[in-house]
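# Residue-level structure breakdown
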Amino acid sequence: MKISPFNKFLICACIPLLALLSFSCRRATDNGKIDGFWQIREIQYDDGKVVNPEYRMIAVQLELLQLDYFNNSITGVLDYHKGDSEIGVDFRYNPSDADLYLYGFAPDPELSVNSKYCRLKIEVLDSKSLVLRSPIALITCRRY
């Protein structure tokens with residue numbers, strides 16, 4: 001089967017165009033290393049209590065942060081851009097303070113008007129570990 005020069009041209013022109021169109025549909029993130037699944041290894045509360053939760057997770061993707069523990073999850077809108085020294089999470093469905101406490105999170109009363117807004121300082125962020133400082137605890141995580 002012989003392919004005409006015009007058909008070769010069409011094939012050579014369409015393949016890169018299709019590849020370009022398919023990649024342009026993907027939504028890009030600007031979160032950097034913080035994106036992914038993080039297993040909480042240790043929570044050191046400011047009152048001296050230390051907890052090593054075995055199955056508590058933090059999942060970060062695009063504009064969402066989710067706190068997971070088996071079938072119980074709490075989702076918030078992430079306020080973070082690559083290189084920032086802190087993150088903010090707006091839990092718009094108003095989880096209880098007790099539920100957030102289990103992950104070492106605490107809402108900021110000044111910023112929590114219609115929802116629970118938590119602000120955490122990033123102590124360490126690299127490809128394997130994440131350490132966050134909340135107003136009530138130091139949260140140590142490893143990439144899962």
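Scroll up to find the structure this text is about.
This write-up is about the structure you can find in this document.

The rules behind the values
Residues numbered from 1 in each chain as written. Predicted model: local features only at pLDDT ≥ 70, side-chain atom pairs only at ≥ 80, totals over all residues. Heavy atoms only, no water. Phe/Tyr/Trp six-rings, centres within 6.5 Å; stacked < 30°, edge-to-face > 60°. Helix = DSSP H or I, 4+ residues; strand = E, 2+ residues; numbered from the N terminus. Buried < 20%, exposed > 50% of the residue type's maximum accessible area, 1.4 Å probe, protein only. Lys NZ or Arg CZ within 6 Å of the ring centre and 35° of its normal. Patch = residues over 30% accessible without salt bridge, like charges linked within 9 Å, V, L, I, M, F, W, Y side chains within 5 Å. Areas by Shrake-Rupley, 256 points an atom, 1.4 Å probe, with all protein chains shown as cover. Salt bridge = Lys/Arg side-chain N within 4 Å of Asp/Glu carboxyl O.

### Focus: the packing of aromatic side chains
A full pass over the atoms with the stated rule returns 4 aromatic pairs. Residues Y45 and Y101 carry aromatic rings whose centres are separated by 4.4 Å and whose planes lie at 20 degrees to one another, so their mutual orientation is stacked. Of this pair, Y45 sits in strand 1 (residues 36-45) while Y101 is found in helix 2 (residues 97-101), placing the two residues 56 residues apart along the sequence. Owing to a relative accessible area of 29%, Y101 belongs among the partly exposed residues under this scheme. On the numbers, 5.0 Å between centres and 70 degrees between planes, the contact of Y69 with F70 is edge-to-face. Judged by its relative accessible area of 60%, F70 falls in the exposed class. An aromatic cluster is built from Y55, Y69 and F70, whose rings are joined through pairwise contacts. Positioned above the aromatic ring of Y69 is the side chain of R56, whose terminal nitrogen or guanidinium carbon lies 4.0 Å from the ring centre.

### Points about a nonpolar patch on the surface
On the surface, a nonpolar cluster with roughly 270 Å² of combined accessible area is contributed by I3, I11 and I15. Structurally, I11 can be placed in helix 1 (residues 5-24). Residue I11 is classed as partly exposed on the basis of its relative accessible area of 43%.

So, to be careful, I would describe these as geometric facts and stop short of saying anything about function.
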